[in-house]
Amino acid sequence: MSKLVIKYVWEIPVRVTHWLNVVVILTLTATGLFIAHPLSLGDSPSDFAMGWVRFIHFVAAYVFAIGLAVRAYWSLVGNKYSSWRTFFPYLNPDDRQRMWATLRYYTFIDRRLPHVVGHNAVAAAAYFLVFLLYLGMIFTGFALYSEHAPGGFYAQTFGWLTHLFSNQTLRLLHHGFMWLILGFVIQHVYSCWLMDIKERGGIISSMFSGYKSIEEE
Amino acid sequence: MGNNEYGDDPVSAEQYFSFSQQLAERGVSRRDFMKFCSAMSAALALPVTFVPKIAQALDEVKRPTLVWLEYQSCTGDTEALLRAASPTVAEIVLDILSVDYAETIMTAAGHLAEANLDKVVKEEKGKYIAVVEGAIPLKDGGIYCCVGGRTAVDRATEVCGGAFATIAVGTCASFGGIPAAAPNPTGAVGVKEAVPGATVLNLPGCPLNADNLTATIVHFLLFKKLPATDSFGRPLFAYGKRIHDNCERRPHFDAGQYVEKWGDEGHRKGFCLYHMGCKGPETYHNCPTQRYNEKTGWPVGSGHGCAGCSEPMFWDRMTPLYRRLPTVPGFGIEATADKIGLGLAVGTAAIFAGHGVISAIRGEEKMEGKKREDLIHDKDRR
Ligand code: HEM
Ligand code: HEM
Ligand code: SF4
């Protein structure tokens, strides 16, 4: 007989970085779009509308980068559900099978959901791509940021990107990656909602509490 | 007169040149000269204590030889240099140089002219300065630009390779510029790329700012070496700061006061040109401080956004000139990155909304594992 176990799955760093990222990405998107299409909010040259928006963008950018660093570190020392291995489901046969099963479920071929404790295998594979997009945002962002101080620390660290791509291409990529992240977010919130209903494991609340209800055979 | 135009001394092809005398002849006062020296020390970001040193260096200077090669160009840089309405000290500084070859302005022509150049290359190896204006085509053996029957790349390799240093004036000579714009039919490149072995200093700009050339030469006369450069080979004194960070309209940028349309109220009030595609935020040049035409103006000062002309490949990378972002490859000219992105987001939302509807009306699915009713909490069991 199977039993329902309440399992501690998401440790604090995973949850904190997740929700911090949500806040920060929304902030970065709003401020970023303002930077791209600014409104003439200033009444006098001593106002600082764009100044503050850019300041918030850069503060949020630091939080975002630090959050990713914390999550990367936790993927080395955290529990198995947060380990870096979970993001490569296609590398082990069990997860590969789960991935196929999930895809079959998503495409309405199959009605059975595979049994999962940590990340759903397809989602986990997508998260890896999202982390790459995060890196893309951070690299293009800091390369743009470095331009105000040639020869400074950031210019030395990220300046090579300006040479490889040119500033304008970096800006275009910064926009492109943003839209890809936003596309992911739409899909992601929908999938979490769907799984919350269908798995009945309380997946959304698990991202707040850390606990998931798991059926054990 | 000696046996050659440099005087009797056969070893030195340089000549002592009395600067004070030149100034007097041209009717430039000592005061104007000192003002010029201060301006130069400011341009080069040297401390004031260098002003007398600059004056002294210019006074005592030996006359270095300079040859000016012109390839795929519009002659805008020559024009920028010759534009002065009245004789200025800067002009005289350029006169200090013994300009032995310059296609546009020299009197000699044909074989005689080429012989002049040959002589410099042979007799002053490693000592003369070569200035190159215009790009150098490499495609099909470089046949798209020939002077005196020889290709530009062939001649430049010889002349720039043997020079003490080469100064690439203008964006075309520095990075290929407009001749190198896509699809670059002649395979045009900048001097450094065409002659990798040469010591090249890039002074890009469309055209270059003649003051930066003067300052570079003053630096050379003063220190006997070329100024420090950035990774694009541009001297830091002129290209070390971003236009956007020195721009007189910057307070309007930070405040949030933008020109929204050509000729609107903001435009008349001198607001920031960011909306109008100004490339100041991606361009390094000292235009806001040095300015053009006797320091009277520069594009942004005159109400037009920066075109990014001193950056590599600006014609391809900084266009469309009146838009902030480049167009997305593979999409129409009206498609901006954000329109495409928004389309992507809406498309994604539509797809998943559809998925949601289907999921909702589909029959109850079975989970792996047992029926819900059989399950009890772990806690209750303990
Ligand atoms: C999810 C994360 C992010 C989003 C959605 C985002 C979005 C944007 C957008 C839309 C722009 C406008 C670009 C333009 O048109 O010029 C922008 C500009 C910029 N972003 Fe980000 N960004 C993010 C992360 C970062 C990070 C991590 C940095 C690192 C410092 C950064 C630094 C910058 C800089 C320096 C600019 C240019 C500001 C300017 O030119 O005044 N961004 N961002
Ligand atoms: C900016 C918006 C968001 C981004 C970029 C984002 C990104 C991510 C990422 C990268 C993960 C993997 C977490 C890890 O292992 O560190 C994740 C997990 C998760 N997120 Fe989000 N998220 C966003 C918004 C949300 C929202 C609004 C919800 C709630 C409805 C949510 C619910 C979840 C849940 C439940 C998980 C765990 C799901 C699983 O096991 O696959 N996320 N999210
Ligand atoms: S006009 Fe151009 S360079 Fe000047 S502040 Fe505005 S965007 Fe920057």
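Note that residues are indexed from 1 along each chain, following the sequence as it is written. Going through the entries in the order they are written, you letter the chains from A and number the ligands from 1. Two thresholds apply to this predicted model, a pLDDT of at least 70 for residue-level local features and 80 or more for giving and counting side-chain atom pairs, whereas whole-chain, interface and lining totals are computed over all residues. Excluding hydrogens and water, the side-chain values take into account all heavy atoms of the structure.

Draft legend 1. Just the overall build of chain B, in detail. Strands are runs of DSSP state E lasting at least two residues, helices are runs of H or I lasting at least four, and both sets are numbered from the N terminus onward. When you go through chain B residue by residue, the secondary structure sums to 18 helices and nine strands. Buried residues are those whose accessible area, probed at 1.4 Å on protein chains only, stays under 20% of the maximum for their type, while exposed residues exceed 50% and partly exposed ones sit between those limits. Looking at chain B residue by residue over its 382 residues, the buried ones come to 52%. Taking as baseline every contact in chain B between residues at least 6 positions apart, the subset at least 24 positions apart corresponds to 73%. Summed over all atoms, the accessible surface of chain B reaches about 17800 Å², with 58% contributed by carbon and sulfur. Should any heavy atoms of two residues lie within 4.5 Å, those residues are considered in contact. What sets the accessible areas is the Shrake-Rupley method with a 1.4 Å probe; for residues, cover comes only from the shown protein chains.

Draft legend 2. Focus on the overall build of chain A. Counting its regular elements, chain A contains seven helices and two strands. What you see in chain A, going N to C, is helices and strands ordered as β-α-α-α-α-α-α-α-β. By principal-axis analysis of the C-alpha atoms, chain A measures approximately 70 × 35 × 35 Å. A fraction of 68% describes how many contacts in chain A between residues 6 or more apart in sequence connect residues 24 or more apart. Total accessible area on chain A is roughly 10700 Å²; 70% of this is exposed by carbon and sulfur atoms. In this count, Lys and Arg are taken as positive residues and Asp and Glu as negative ones, while His and the chain termini are left out. Where a charge lies is defined by one atom per residue type, namely NZ (Lys), CZ (Arg), CG (Asp) and CD (Glu). Of the charged side chains in chain A, 16 are positive and 12 negative, and the gap between their average positions amounts to 6 Å.

Draft legend 3. Structural detail: the site of ligand 3. All names here are of chain B. If you check the shell around ligand 3, you find 13 residues, and the closest are H244, C247, C272, L273 and C278. We place a 1 Å grid over just the protein atoms. Points where a 1.4 Å probe fits but has no way out form a cavity, open points with protein on both sides within 12 Å along at least 5 of 7 lines form a pocket, and any residue with an atom within 4 Å of a point lines it. Grid points define the cavity or pocket, and a molecule sits in it when more than half of its atoms lie within 2 Å of them. Structurally, ligand 3 is housed in the second largest cavity. Within the shell around ligand 3, the residues separate by chemical class into nine nonpolar, two polar and two charged. Here a residue is near a molecule or strand as soon as one of its heavy atoms is found within 4 Å of it. Note that Gly is not counted as nonpolar here; it falls among the polar residues with everything else outside the nonpolar set of Ala, Val, Leu, Ile, Met, Phe, Trp, Tyr, Cys and Pro and the charged set of Asp, Glu, Lys and Arg.

Draft legend 4. Region of interest: the coordination of the iron atom of ligand 2. All names here are of chain A. Any nitrogen, oxygen or sulfur atom within 2.8 Å of a metal ion counts as a donor, with the limit raised to 3.2 Å for Na, K and Ca, and since water is left out, coordination shells can look unfinished. At the metal site, the iron atom of ligand 2 is ligated by H18 (NE2) and H188 (NE2), and these contacts range over 1.9 Å. Each of the six donor atoms around the iron atom of ligand 2 contributes to a set of angles spanning 88 to 179 degrees, which defines the coordination as octahedral. With H18 in helix α1 (residues 12–36) and H188 in helix α6 (residues 167–199), this residue pair connects regions lying 170 residues apart in the sequence. A site with four donors is called tetrahedral when every donor-metal-donor angle falls between 85 and 135 degrees; four donors are called square planar, and six octahedral, when opposite donors sit more than 155 degrees apart and all other angles fall between 65 and 115; any other arrangement is irregular.

Draft legend 5. Main features of the sheet that holds strand β1 (residues 65–70) of chain B. All names here are of chain B. Pairing within the open sheet is parallel, and its five strands lie in the order β2-β1-β3-β7-β9. With partners counted over all chains shown, the strands left at the sheet margins are β2 (98–102) and β9 (200–203), one partner each. Each strand of the sheet is rotated relative to its neighbour by a mean of 20 degrees, with strand direction disregarded. Note on pairing: DSSP must find at least two bridges between two strands before they are called paired. As defined by bridge partners, strand β3 (residues 129–133) adjoins strand β7 (residues 165–169) across five bridges and the pair is classed as parallel. Residue pairing for β7: V132 is matched across the bridge by A168. Axis angles are defined between N-to-C directions and span 0 to 180 degrees, where every axis is a line fitted to C-alpha atoms and, for a helix, only to the segment in contact. Here helix α6 (residues 110–123) sits on the sheet in contact with β1 and β2, set at roughly 130 degrees to β2. Packed onto the sheet, helix α10 (residues 210–223) meets β1, β3, β7 and β9 and runs at close to 150 degrees relative to β9.

Draft legend 6. Highlighting the packing of helix α3 (residues 93–106) of chain A against helix α4 (residues 121–145) of chain A. All names here are of chain A. Between α3 and α4, the shortest axis-to-axis distance is 7 Å and the interhelical angle comes to 100 degrees. Here α3 lies roughly perpendicular to α4, going by the angle between them. Residues D95, R98, M99, T102, L103 and Y106 of α3 touch α4, and the partners they reach there are A121, V122 and A125. Taken together, the residues that form the contact of α3 with α4 break down as six nonpolar, one polar and two charged. Small angles under 35 degrees read as roughly parallel and large ones over 145 as roughly antiparallel, with 65 to 115 read as roughly perpendicular and the rest as oblique.

Draft legend 7. Here's a closer look at the coordination of the iron atom of ligand 1. All names here are of chain A. The protein atoms that coordinate the iron atom of ligand 1 are H57 (NE2) and H174 (NE2), at distances of 2.1 Å. In this structure, the iron atom of ligand 1 is surrounded by six donor atoms whose angles at the metal cover 84 to 179 degrees, and the resulting shape is octahedral. Remark: H174 occurs in helix α6 and H57 occurs in helix α2 (residues 49–77); sequence separation between them is 117 residues. Here H57 and H174 have matching classes, each one buried.

Draft legend 8. Geometry of unusual backbone geometry. At the junction of A182 of chain B and P183 of chain B, the peptide bond is cis and its omega measures out at 5 degrees in the coordinates. Structurally, P183 of chain B can be placed in the loop between α8 (170–175) and β8 (188–189). Note that the residue after T319 of chain B, namely P320 of chain B, is joined by a cis bond; omega there is -5 degrees. Tracing the backbone through its elements, the reader meets P320 of chain B in the loop between α16 (314–317) and α17 (337–361). Of note in this structure, S166 of chain A is not a glycine but carries a positive phi near 75 degrees. Inspection of the secondary structure assignment puts S166 of chain A in the loop between α5 (153–165) and α6. S166 of chain A sits in the buried class, given a relative accessible area of 5%.

Draft legend 9. Focus on the nonpolar core. Membership of the largest hydrophobic core comes to 43 residues, with the highest contact counts inside it found for L58 and L213 of chain B. The biggest single contributor to this core is α10 of chain B, with eight residues. With sequence-adjacent residues up to four places away left out, L58 of chain B is seen in contact with F19, F33, F36, C37, V93, I96, V218 and L221 of chain B. Of all hydrophobic cores here, the second largest spans 29 residues; its members include I25, L28, F64 and M137 of chain A. Here, the term nonpolar core denotes a set of buried Ala, Val, Leu, Ile, Met, Phe, Trp, Tyr and Cys residues that are joined through side-chain atoms within 4.5 Å.

It is worth stressing that arrangement in space is one thing and function is another; only the former is reported here.
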